[in-house]
Amino acid sequence: MSVFKKYLVGLLLTTIFVSCKNDIDVLADWKQNTVVYGLLDQSETTHYIKVGKVYLGEGSAIDMAQIQDSLYYKNNVSVVVERWKGSTLVTSYQLNRDSSIAKNPGDFLNPKQILYTFTAPLFDDSQYRLSIKDAATGHTVTGQTSLIKSSLSIARPTTNQVMDFANYNRTFDIQWNAAAGARIYQVFAVFHYKEYGLTDTVVKSITWPVSEVRVPTLNGGDPFTLNIDKKAFYKYIAGAVSNGSNVFGREPLYLDVLFTAAADDLATFIEVGKPSTGIVQERPEYTNLTGGYGIFSARYTTGVYSRPFNARTLDSLCSGQYTKNLNFCY
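Residues numbered from 1 in each chain as written. Predicted model: local features only at pLDDT ≥ 70, side-chain atom pairs only at ≥ 80, totals over all residues. Heavy atoms only, no water.

Caption draft 1: Structural context of the overall build of the chain. Looking only at helices and strands, the chain has 6 helices and 15 strands in total. The buried share of the chain, taken over its 330 residues, is 38%. Here the analysis covers contacts within the chain between residues at least 6 apart in sequence; of these, 70% occur between residues at least 24 apart. (Helix = DSSP H or I, 4+ residues; strand = E, 2+ residues; numbered from the N terminus. Buried < 20%, exposed > 50% of the residue type's maximum accessible area, 1.4 Å probe, protein only. Contact = heavy atoms within 4.5 Å.)

Dropping the structure here:
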C-alpha cells in the first residue's frame, strides 16, 4: 500500500469511528521509516540521493505534506556512498546536503526540497554501497548497486547521419547493441526548433518517447532494432506544438536520439509502481534497501546528438498534412 493510501485509510477510519462511544486510536506507535531514491549514472558527474521520511499524525495528511519536518530529516543525517572493487574499499564520498534544486509544484512541499549530492566520476567495474545514518536515533539504511556497463553501442542513427522522415512508406530505424546489466531501455527523440515571435526568438525542444524495450537477459551484446513509423514523428510534433497568435515562424534545427538504460532493480521498481489494469488494484511494495523503502540502483544515458534534417523532411514539416499549420516554413 502506498504512503498516500495509508493516509487516506487513516482519515477514513477516523471519520467512521468518530461517532462511536469508545474512541479508537488508529495511529500506531511511532516508528522511523526512511524513504530513499538514488540512481547512479556514470554518464553524469554530479549525483543525487533523495532521503525523506514517511509521516503520519493527527490532522490532515495534505496539510502535513507542506511541512518540511514531515518530509525531511534535519542536519543530523549522514549519507555516504562507497566504491568497492571486490572486497576492497576504493574510496568513499560524504554527501553534502543541497536545497538548491527546486521541486516541481504538486501535493508535497515545493519548490524547496532537500537532496544529498556528491561529484565524482563513476566506474562500471565497481560496486557502490549506500549508507544512511540518523545520529539522533541510530537508525540506518543501507543499499548497494552495480553500474550498467558502458558497452551500449548505437548502430543507427550514426553520428554523421542526416535525419530522413520524408518517405512514409519506409520506417525510421533505430538499432543498438545491449549493455550488460541493463533490463529496460527507454528511447527518446528530442526535436529542437527555433520559434520566432513578435518580440523575441526562443529555442525550444519537444521530447518524443519513442519506445520502451524490455530485454530478456542482462548479459549485453544482443542487437535490437526499432522500426518507427515516420508518420508518428509528425503526429507527435503536431500534438505538442501550439500555434499561438504571437508566433510568425518556426525553424527546425536538429534531432537527438537518446537511450536511457535501467538496471534490473530499477526496472522491477518501475514495473511494480505502474497502475494496475486488473480487478485487484493493490500492488506489492518493492524496495532493494535494508532498513528503509525506495530504490538505490543504476541507469545509463547515451545518445546521438544534433543530427540535421534532410531537405525533404524540412519540406514535410513545412507543408505536410500533419504540421502544415505550424509555420515550419520560416
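Next comes the rest of the account.
Caption draft 2: Structural detail: the nonpolar core. Counting residues in each nonpolar core, the largest one holds 61 residues, and the members touching the most others are I174, W176, Y185, F191, F233 and L255. In terms of residues, this core owes the most to one element, strand 11 (residues 182-197), which gives 6 residues. Among all residues touching L255, those that are not within four sequence positions of it are M163, F165, A189, V190, F191, F233, V304, Y305, S306, R307 and F309. (Core = buried A, V, L, I, M, F, W, Y, C linked by side-chain atoms within 4.5 Å.)

Caption draft 3: Main features of the layout of surface pockets. Looking at the second largest pocket, its volume works out to about 310 Å³. Y37, G38, L39, Y48 and R299 are, among the 15 residues lining the second largest pocket, the residues nearest its centre. Elements that contribute at least two residues to the lining of the second largest pocket include exactly strand 1 (34-40), strand 2 (46-53), helix 5 (264-273) and strand 15 (293-307). Across the lining of the second largest pocket, the residue classes tally to 9 nonpolar, 3 polar and 3 charged. (1 Å grid on protein atoms, 1.4 Å probe; cavity = no way out; pocket = protein on both sides within 12 Å on 5 of 7 lines; lining within 4 Å. Points joined across faces, edges and corners; volume = space filled by probe spheres on them. Nonpolar A, V, L, I, M, F, W, Y, C, P; charged D, E, K, R; others polar.)

Caption draft 4: Structural detail: the pairing of strand 8 (residues 140-146). Side chains V141, G143 and T145 of strand 8 all project onto a buried face; the interleaved residues T140, T142, Q144 and S146 project onto a face where none is buried. In textbook terms, the turn of a hairpin is the stretch between consecutive antiparallel strands, and for strand 7 (residues 127-134) and strand 8 this stretch comprises 5 residues, one of which, G138, has a positive phi near 80°. (Pairing = 2+ DSSP bridges.)

Caption draft 5: Layout of the state of the cysteines. Considering all chains together, one arrives at 1 disulfide under this definition. At a sulfur-sulfur separation of 1.8 Å, the disulfide partner of C318 is C329. Across the S-S bond of C318 and C329 the torsion is about 105°, and the bridge reads as right-handed. Separated by 11 residues along the polypeptide, C318 in helix 6 (residues 311-319) and C329 in the segment after helix 6 bring together distant segments of the chain. (Disulfide = S-S within 2.5 Å.)

Caption draft 6: Geometry of the packing of aromatic side chains. Considering all chains together, one arrives at 19 aromatic pairs under this definition. With a centroid separation of 5.5 Å and an interplanar angle of 20°, the aromatic rings of F191 and Y193 are classed as stacked. Each of the two residues, F191 as well as Y193, counts as buried. One aromatic cluster is present, formed by F165, Y168, F172, F191, Y193, W208, F233, Y234, Y236, F309, Y322 and F328 through successive ring pairs. The ring of W84 has R129 sitting right over it, with the charged end atom 4.0 Å from the ring centre. (Phe/Tyr/Trp six-rings, centres within 6.5 Å; stacked < 30°, edge-to-face > 60°. Lys NZ or Arg CZ within 6 Å of the ring centre and 35° of its normal.)

Caption draft 7: The arrangement of the environment of N177 in detail. Looking at the secondary structure, you find N177 in strand 10 (residues 171-177). Separated by 47 residues in the primary sequence, N177 and F224 have C-alpha atoms spaced 6.2 Å apart.

Caption draft 8: Representation of unusual backbone geometry in the model. Note the cis peptide between R156 and P157, where omega equals 0°. Positionally, P157 belongs in the loop between strand 9 (153-156) and strand 10. One non-glycine residue, S306, lies in positive phi territory at about 55°. By the secondary structure assignment, S306 is in strand 15. With phi around 65°, N327 is a residue other than glycine that occupies positive phi space.

Caption draft 9: Just the sheet that holds strand 4 (residues 88-94), in detail. Taken in spatial order, the 4 strands line up as 4-3-7-8 in an open sheet, and their pairing is antiparallel. What marks the edges here is a single partner per strand, and that holds for strand 4 and strand 8. For this sheet the average axis-to-axis angle between neighbouring strands, irrespective of direction, equals 20°. Judged from the 7 bridges that link them, strand 7 and strand 8 form a sheet pairing that is antiparallel. Paired with L130 across the strands is G143, a residue of strand 8. (Axes fitted to C-alpha atoms, helices over the stretch in contact; angles between N-to-C directions.)

Caption draft 10: Just the sheet that holds strand 10, in detail. Strand order in the open sheet formed by 3 strands is 9-10-13, and the pairing between neighbours is antiparallel. Two strands close off the open sheet at either side, each with one partner strand: strand 9 and strand 13 (223-229). With direction set aside, neighbouring strand axes in the sheet form an average angle of 20°. With 3 bridges connecting them, strand 9 and strand 10 associate as antiparallel partners. Across the sheet, residue S153 finds its bridge partner in strand 10, namely N177. Docked against the sheet, helix 4 (residues 230-240) engages strand 10 and strand 13, running at close to 60° with respect to strand 13.

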